[in-house]
Amino acid sequence: MFDYERLEALSIEGEAPQSEPERQYYFMKKCRQWAEEEKERIGHPLTMSIQTLGCQMNAKDSEKMTAILEYIGYKEVEEPVADFVLYNTCTVRENANLKIYGRLGYLKNHKKKNPSMRIALCGCMMQEADEVERIRKSYSFVDLVFGTHNIYKLAELLYTQVQSARPVMDVWKEAKEIVEDLPGKRKYPFKTGVNIMYGCNNFCSYCIVPYVRGRERSREPEDIISEIKGLVADGVVEVMLLGQNVNSYGKTLENPVTFANLLRQVNEIEGLKRIRFMTSHPKDLSDELIEAMAECDKVCTHLHLPLQSGSTEILKKMNRKYTKESYLSLVERIREKNPKLSLTTDISLTTDIIVGFPGETEEDFEDTLDVVRKVRYDSAYTFIYSKRTGTPAAAMENQVPEEVVKERFDRLLHEVQGISTEITKSIEGETVPVLVEEINTQNEELLTGRLSNNAVVHFPGDVSLIGEILPVKLVESKGFYYMGEIVK
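A short tour of the structure in this document, coming up. What you see is a predicted model, and the numbers here were worked out from it, not measured in a lab. (Residues numbered from 1 in each chain as written. Predicted model: local features only at pLDDT ≥ 70, side-chain atom pairs only at ≥ 80, totals over all residues. Heavy atoms only, no water.)

Points about the overall build of the chain
The helix and strand tally for the chain stands at 14 helices and 19 strands. Taken over C-alpha atoms, the radius of gyration comes to 24 Å for the chain, in line with the 23 Å a tight globule of 488 residues would show. When the backbone C-alpha atoms are referred to their principal axes, the chain occupies close to 65 × 60 × 50 Å. Scored against the burial criterion, the 488 residues of the chain give a buried share of 55%. For the chain, the proportion of contacts with a sequence separation of at least 24, taken over those separated by at least 6, is 72%. A total accessible area of about 22300 Å² is found for the chain, and carbon and sulfur atoms account for 49% of it. Taken together, the 63 basic and 77 acidic charged side chains of the chain have centroids lying 4 Å from each other. (Helix = DSSP H or I, 4+ residues; strand = E, 2+ residues; numbered from the N terminus. Rg over C-alpha atoms; globule rule 2.2 N^0.38 Å. Buried < 20%, exposed > 50% of the residue type's maximum accessible area, 1.4 Å probe, protein only. Contact = heavy atoms within 4.5 Å. Areas by Shrake-Rupley, 256 points an atom, 1.4 Å probe, with all protein chains shown as cover. Lys, Arg positive; Asp, Glu negative; His and termini not counted. Charge placed at Lys NZ, Arg CZ, Asp CG, Glu CD.)

Take a look at the structure:
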């Protein structure tokens, strides 16, 4: 857990410490000293703009970097151009990479007009050697490049760049250590994500993540519990436990701990009201975890369980390591422990589905529709398969014609939306606990909150209620959300 007093007490006279996080505290204070001088030189307060692409792991990383830069002396602005512009990149789809190059082209002219401006790139895209080399050769105006394993070194890298006045590129092939005791700025004061592990060992044939996030590394349970207790003391009522595959948590620890065991420990934390987690890989979701989910009263009634395909043959090509039958059996066991008695005990299942994976036949696609109809997901993130250079699937034969994929995608979307609407409608009129999250973005007279099952509801109320868990009647279903009213 970050300790501000420990940071302030550290001297910046002499050489930088070798141990972490003291080394980063040293460079944060060094950068702060420089920022004061830079502010005087340019005649205005330093500004920063952080653009985050991709998953919740990236969002969590950006929270940490935002807090580090704010300590140094940068003020965050919404404009895309600032004194320090940082792109925290995603590389799951090649289109995400193209977005970054487009934005860099836009920034090039701004950098010419303002030479003291700094541009930084980090995240998953920067773990790809070809992309880093492209930045080096064609985008030499970029000042900082680092990857997923050394995000905690932001202050040190910035100070190195400032002192050398040259681009700094520091990308590691694998993580050397886990450094967590750094500041973080939460988007919401009452809820946040907590990293419990990093990396992925699954190597799904379509996915680049294991190559850019590295092998699985779990944090010690004591450190996780200590961090969450500190967050609760600071006003957090809901945490999201984060990892590429949380179900395999603890396997790399010297003293292995299961995710189910960790969940029970988190559930015991006094003052914490809600626990969420993602992402769960079906092959690692144990009966022990199903028991823990059912018995831990703070665990939210929502499980994201990626399917990807309902065809056993396609799942084998995807290297998912489960079958259609084993997935359906898993869902059955989950539902047995969480029967459809009422909203407060029912598990809301959501999923990811890829349409048009190489070799997918009409029969394979019908298997996917069959699983959707049997499981009846509350919602699904549906994707059209796109080649990802560097993955085995990109070289597979029998790529499905575009027009066939589009037709199947539309059919899947129709099926998912129809089921989702029925499920949402079925609990219309119930009164449920809702965590009030923010003022509605479309109507300032409404608040927006989230149910335990992750559904969204909009209802009249004032800003003073944000962060509270209140009883809200679901007055009307709107398909993907509800209109409601607070029950007094």
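Here's the deal with the nonpolar core
Grouped burial of nonpolar side chains is what soluble globular proteins tend to show. Ile228, Leu241, Phe259, Leu263 and Val266 are the most contacted members of the largest nonpolar core, which totals 69 residues. Tallying contributions element by element places helix H14 (residues 402–426) first for this core, with six residues. Not counting chain neighbours up to four residues away, the residues in contact with leucine 263 comprise Leu241, Ile275, Phe277, Leu289, Ala292, Met293, Cys296 and Val299. (Core = buried A, V, L, I, M, F, W, Y, C linked by side-chain atoms within 4.5 Å.)

With respect to the state of the cysteines
Covalent bonding between the sulfur atoms of two cysteines defines a disulfide. Evaluation of the coordinates by the stated rule reveals zero disulfides. Left unpaired, cysteine 122 is separated from the closest cysteine sulfur, that of cysteine 124, by 9.3 Å. What makes cysteine 122 buried here is its relative accessible area of 0%. Looking at the unpaired cysteine 207, the closest cysteine sulfur is the one in cysteine 204, lying at 6.0 Å. Overall, cysteine 207 belongs to the buried group, its relative accessible area being 17%. (Disulfide = S-S within 2.5 Å.)

Side note on the pattern of salt bridges
A full pass over the atoms with the stated rule returns 38 salt bridges. Its salt-bridge partner being arginine 136, residue glutamate 133 comes within 3.3 Å of it at the nearest N-O pair. Placement of the pair is glutamate 133 and arginine 136 together in helix H5 (residues 129–138), with a separation of three residues, close to one helical turn. In this structure glutamate 133 comes out as partly exposed when scored by relative accessible area, which is 31%. For arginine 136, a relative accessible area of 46% corresponds to the partly exposed category. In the salt-bridge network here, residues are joined through shared partners; they are Glu360, Glu362, Glu366, Glu407, Arg408 and Arg411. (Salt bridge = Lys/Arg side-chain N within 4 Å of Asp/Glu carboxyl O.)

Concerning the environment of lysine 113
Tracing the chain through its elements places lysine 113 in helix H4 (residues 94–113). Note: C-alpha distance between lysine 113 and threonine 91 (22 residues apart in sequence) is 30 Å.

Remarks on the packing of aromatic side chains
Inspection of the entire model under this criterion finds 12 aromatic pairs. Look at tyrosine 188 and phenylalanine 190: their rings are 5.5 Å apart centre to centre, the planes differ by 45°, and that puts the pair in the tilted class. Here the two residues tyrosine 188 and phenylalanine 190 agree in accessibility, since each one is buried. Aromatic side chains phenylalanine 203 and tyrosine 211 sit 5.3 Å apart centroid to centroid with 80° between the ring planes, which places their arrangement in the edge-to-face category. In this structure tyrosine 211 comes out as partly exposed when scored by relative accessible area, which is 39%. By the ring-pair criterion, three or more aromatic residues cluster together here, those being Tyr26, Phe27 and Tyr159. One residue, arginine 32, lies across the ring of tyrosine 71, its end atom 4.3 Å from the ring centre. Taking NZ or CZ as reference, lysine 191 lies 5.0 Å from the ring centre of tyrosine 188, over its face. (Phe/Tyr/Trp six-rings, centres within 6.5 Å; stacked < 30°, edge-to-face > 60°. Lys NZ or Arg CZ within 6 Å of the ring centre and 35° of its normal.)

Overview of the sheet that holds strand S12 (residues 302–304)
Taken in spatial order, the three strands make up an open sheet running S12-S13-S14, and their pairing is parallel. The open sheet terminates on both sides in strands that have one partner only, identified here as S12 and strand S14 (379–384). On average, each strand axis in the sheet is tilted by 15° relative to the strand beside it, whichever way the strands run. Two strands pair when backbone bridges link them, and strand S13 (residues 348–355) and S14 are joined in this way by six bridges, in the parallel orientation. From the neighbouring strand, isoleucine 353 faces S14, where its bridge partner is threonine 382. (Pairing = 2+ DSSP bridges. Axes fitted to C-alpha atoms, helices over the stretch in contact; angles between N-to-C directions.)

Regarding helix H9 (residues 259–267)
Of the positions making up H9, those classed as buried are Phe259, Ala260, Leu262, Leu263, Val266 and Asn267. With its buried residues spanning 160° around the axis, H9 presents them on a single face. Tucked into the core, H9 has its buried residues touching helix H8 (221–233), strand S10 (238–242), strand S11 (274–278) and helix H10 (287–295). (Arc of directions from axis to C-beta.)

Details of the packing of H9 against H10
Between H9 and H10, the least distance of the axes is 8 Å, while the angle of their chain directions is 15°. Of the possible angle classes, the one that applies to H9 and H10 is roughly parallel. H9 and H10 meet at a crossing whose hand is left-handed. Where H9 abuts H10, its residues Phe259, Ala260, Asn261, Leu263 and Arg264 lie against Glu288, Leu289, Glu291, Ala292, Met293 and Glu295. (Parallel < 35°, antiparallel > 145°, perpendicular 65-115°, else oblique. Left-handed = near helix turned anticlockwise from the far one by under 90°.)

Focus: helix H3 (residues 56–72)
Look at H3: 25 Å from first C-alpha to last across 17 residues, which is about the 24 Å you get at 1.5 Å a residue. Summarising burial for H3: 14 of the 17 residues are buried, a large majority. Directly beyond the C-terminal end of H3, a positive phi value near 135° is found at glycine 73. (Expected span 1.5 Å × (residues − 1).)

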